[in-house]
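So you can see what is in the structure, the chains are spelled out below.
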Amino acid sequence: MVKDNTTQAVVKLNDVNLCLNNKNILEHISFDIPAKQITTLIGPNGAGKTTLLKIILGIVAPSSGTVWKKEGIKIGYVPQKLYLSKNIPLTVERFLCLNEHYNRKELMDILEETGIPDLLSSSIHLLSGGEMQRVMFARSLLKHPDLLVLDEPAQGLDPVAEEQFYALLNRFNQEKKCAVIMVSHDLHIVLSSSHQVLCINRHICCRGSAKEIISHPDCQQLFGEESLLSLYRHRHDHRHLPNGDIKYVD
Amino acid sequence: MLTEPFVLRGLIASVIMASLCGPIGCLMIWRNMAYFSDTLSHSALTGVLLGLVLGIGDNAGVTIVVCLTALILTRLHHRNGVDNNIFLLISGQTALCLGIIGLSLMPDVRTDITAYLFGDVLSVSDGDLAFITLIACLCVLLIVLSWKKQIFIAVMPDVAHSEGINVGLHSVIFMILTALFISSGMKTTGLLLISALLIIPAATARFFSKTPEMMAFSASLIGIFCVMTGFASSLYFDLPAGATMVVFCSVLFLICHLIRSFIQ
């Protein structure tokens, strides 16, 4: 729960459910994305994190529940993985202008800011993973978004590039005051900078500020010294019964 | 010989079709949907049958059936549990066989199936030419209206959707474009060879293109060149035009591929 009630929300989800082919993908998801803050979704594979982002983006319609967005909100989206056909000849410049046209100065400025000033006329197929990620990021920033939606933005990057990427993200969050919601597995980096962390496993398992999650006795044990693999364990206050019901335990 | 009306009609029809093959073929391979055109063109023989049964002519019959097939395939595309390529192959071949069986059952119509399958460019009539021109104008209109959005969708469909592009609508436009192209190519290259004319020039243009537009434009030029050389071979050496056009496309592809490998 966001403690700071004075913070305005840019997106509010109210009891969002998604059911596909009689399978519950997401259940009773309610939370706010506060302006200017970083919200991080964590959770195991197949928990519905990406689907939740797509609901926020309007790509997937929820079966029930509402998604409220601030009027005139501008959203920048960086998808999980780009399945780019090698058959499309594209330069970085053209890639950045796929939807709207920007002049050369705007493009150069954004590439400068994201640390890839020399790439404007490179072919998109010759970029490294880290460079591609920055190009995608740069593209999502071009329209001065109020909210950035990032789906595992540092996936496949080496540790150095990963750290650089999150440093860049934090800088933008602070300088441009834009809200961020992201799915991330890089908890060791992300937790320190997130204002709000939600652990998703079809429903919201636990939530809180990074501080709260870290100071939580169970979480302390998990996020402290143990290996990264154990990061996904969290306090289980309920069990899933075979019929799909949830039983709360103390 | 070139001034004979039937020769001119055939040449004009081929060139019109080849100029369209660039942008449509490029969209096809950018979306990784090369199989799709095959399925559509195979269904066209059922269209010939429908046209004859209803008495509305083969062009109209083919256009109706191919467009309908395209729309049905879009709906079924993501809904069945079968792998897409397998599904496309099954539906295409089945439609082709239904067309062959249906045509063979019509006793009083002597239809030359070979002309539909492999094309008979010198038999293009005034009516056919008018039909091809009409279809081409429609295609150009659709391409001009949706080109930029089609590229965006081919690159990042989800992001396009999130930025307010109507992905569903533009996918339907793309399917209809392909369907129209196939209907217009039936008389020149024939149903079995038309997807070759769609895919090979675009794949060849990829070797040396730096922008999507350059690729589409070069693919059209390659298409026109191959169609004209194929046409000439048919006139002077009495070779089957459709097949010769496709072979010229393949030879160009091979040459460009070799040059490219040599340079790298």
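Conventions we followed
- Residues numbered from 1 in each chain as written.
- Chains lettered and ligands numbered in written order.
- Predicted model: local features only at pLDDT ≥ 70, side-chain atom pairs only at ≥ 80, totals over all residues.
- Core = buried A, V, L, I, M, F, W, Y, C linked by C-beta atoms within 7 Å.
- Buried ≥ 20, exposed ≤ 12 C-beta atoms within 10 Å, placed from the backbone.
- Domains from an automatic or database assignment.
- Contact = placed C-beta atoms within 7 Å.
- Helix = DSSP H or I, 4+ residues; strand = E, 2+ residues; numbered from the N terminus.
- Nonpolar A, V, L, I, M, F, W, Y, C, P; charged D, E, K, R; others polar.
- Pairing = 2+ DSSP bridges.
- Axes fitted to C-alpha atoms, helices over the stretch in contact; angles between N-to-C directions.
- Parallel < 35°, antiparallel > 145°, perpendicular 65-115°, else oblique.
- Left-handed = near helix turned anticlockwise from the far one by under 90°.
- pLDDT = per-residue confidence, 0-100.
- Expected span 1.5 Å × (residues − 1).
- Bend = angle between axes of the 7 residues up to and from the residue.

K.L.:
So what exactly am I meant to see when it comes to the nonpolar core here?
P.N.:
A general tendency of soluble globular proteins is for nonpolar side chains to be buried together. With 137 residues, the main nonpolar core has A:Leu147, A:Val149 and B:Leu197 as its most contacted residues. No fewer than three residues from each of domain 1 (9-74 + 144-248) and domain 2 (86-143) of chain A sit in this core. The residues contacting A:Val149, other than those within four sequence positions of it, are A:Leu53, A:Ile56, A:Leu57, A:Ile75, A:Tyr77 and A:Ile181.

K.L.:
Sorry, what's going on with the domain arrangement of chain A here?
P.N.:
Interface size is commonly expressed as the accessible area that is lost once the parts come together. Residues and elements named next belong to chain A. Segmentation of chain A into domains returns domain 1 (9-74 + 144-248) and domain 2 (86-143). Broken down by element, the residue count for the side of domain 1 that touches domain 2 peaks at four residues, all from helix H5 (residues 159-176). The residue inventory of the side of domain 1 that touches domain 2, partitioned by class, reads eight nonpolar, two polar and one charged.

K.L.:
So what exactly am I meant to see when it comes to the pairing of strand S5 (residues 75-78) of chain A here?
P.N.:
On a regular strand, one side chain projects to one face of the sheet and the next to the other, so that they alternate. All names here are of chain A. Burial of S5 is two-sided: the residues Ile75 and Tyr77 facing one way and the residues Gly76 and Val78 facing the other way are all buried. Across four bridges, the pairing between S5 and strand S6 (residues 147-151) is parallel. Bridging from a neighbouring strand, Val78 pairs with Leu150 of S6.

K.L.:
I'm lost on the pairing of strand S8 (residues 196-201) of chain A in this one. Help?
P.N.:
Residues and elements named next belong to chain A. Of all six residues in S8, five are buried; the element is thus mostly enclosed. Where strand S3 (residues 38-42) lies against S8, four bridges are found, and the strand directions are parallel. Paired with Thr39 across the strands is Gln196, a residue of S8. Here S8 runs beside strand S9 (residues 203-208); their pairing, made up of five bridges, is antiparallel. Bridge pairing in S9 links Ile200 to Ile204. Between S8 and S9, which pair antiparallel and follow one another directly, the connecting turn spans one residue, one of which, Arg202, has a positive phi of 70°.

K.L.:
Quick question: what am I supposed to make of the packing of helix H2 (residues 34-54) of chain B against helix H3 (residues 58-76) of chain B here?
P.N.:
The geometry of a pair of packed helices is captured by two quantities: the angle between their axes and the separation between those axes. Residue and element names in this part refer to chain B. Taken N-terminus to C-terminus, the directions of H2 and H3 make an angle of 135°; their axes are 7 Å apart at the nearest point. Classified by the angle between their axes, H2 and H3 sit oblique to one another. The hand of the H2/H3 crossing is right-handed. On H3, the residues touching Thr39, Leu40, Ser43, Ala44, Thr46, Gly47, Val48, Leu50, Gly51, Leu52 and Leu54 of H2 are Asp58, Ala60, Gly61, Val62, Ile64, Val65, Val66, Thr69, Ala70 and Leu73. A per-class count over the contact of H2 with H3 returns 13 nonpolar, seven polar and one charged.

K.L.:
It is not clear to me how the confidence of the model for chain A should be interpreted in this structure. Could you clarify?
P.N.:
For any part of a model where pLDDT is low, the fine detail of the predicted coordinates should not be relied upon. Mean pLDDT for chain A: 81, with 82% of residues reaching 70 or above. In this model residues 221-235 of chain A is a low-confidence stretch, pLDDT under 50, and it forms 20 contacts with partners more than four residues away in sequence or in other chains.

K.L.:
Please clarify how the sheet that holds strand S2 (residues 23-34) of chain A should be interpreted in this entry.
P.N.:
Through backbone hydrogen bonds, the strands of a sheet pair up, either in parallel or in antiparallel fashion. Residue and element names in this part refer to chain A. Here three strands make up an open sheet; going across it, the order is S2-S1-S4 and the pairing antiparallel. The open sheet terminates on both sides in strands that have one partner only, identified here as S2 and strand S4 (64-69). Each strand axis lies, on average, 15° off the axis of its neighbour in the sheet, ignoring direction. Sheet analysis places strand S1 (residues 9-20) next to S2, joined by eight bridges and oriented antiparallel. The partner of Cys19 across the bridge, within S2, is Asn24.

K.L.:
Explain helix H6 (residues 126-155) of chain B to me, please; I cannot follow it from the model alone.
P.N.:
In an α-helix, one turn spans 3.6 residues; hence positions three or four apart end up facing the same way. Residues and elements named next belong to chain B. Here H6 contains 30 residues, and its C-alpha end-to-end distance of 40 Å stays within 8% of the 44 Å for a straight helix at 1.5 Å per residue. The largest bend in H6 comes to about 65°, at Ser146. Among all positions of H6, only Asp128, Phe131, Ile132, Ile135, Cys139, Ser146, Gln150, Ile151, Phe152, Ile153, Ala154 and Val155 are buried. Looking at the buried positions of H6, the neighbouring elements they touch are helix H1 (5-30), H3, helix H7 (157-162), helix H8 (167-185) and helix H10 (212-237).

K.L.:
Help me understand the sheet that holds S8(A), please; the structure alone is not making it clear to me.
P.N.:
All names here are of chain A. With mixed pairing, the six strands of this open sheet are ordered in space as S5-S6-S7-S3-S8-S9. Only two strands of the sheet have a single neighbouring strand rather than two, namely S5 and S9. The sheet shows a mean angle of 15° between the axes of neighbouring strands, taken without regard to direction. This element, helix H4 (residues 129-141), spans S5 and S6 of the sheet and lies at about 165° to S5.

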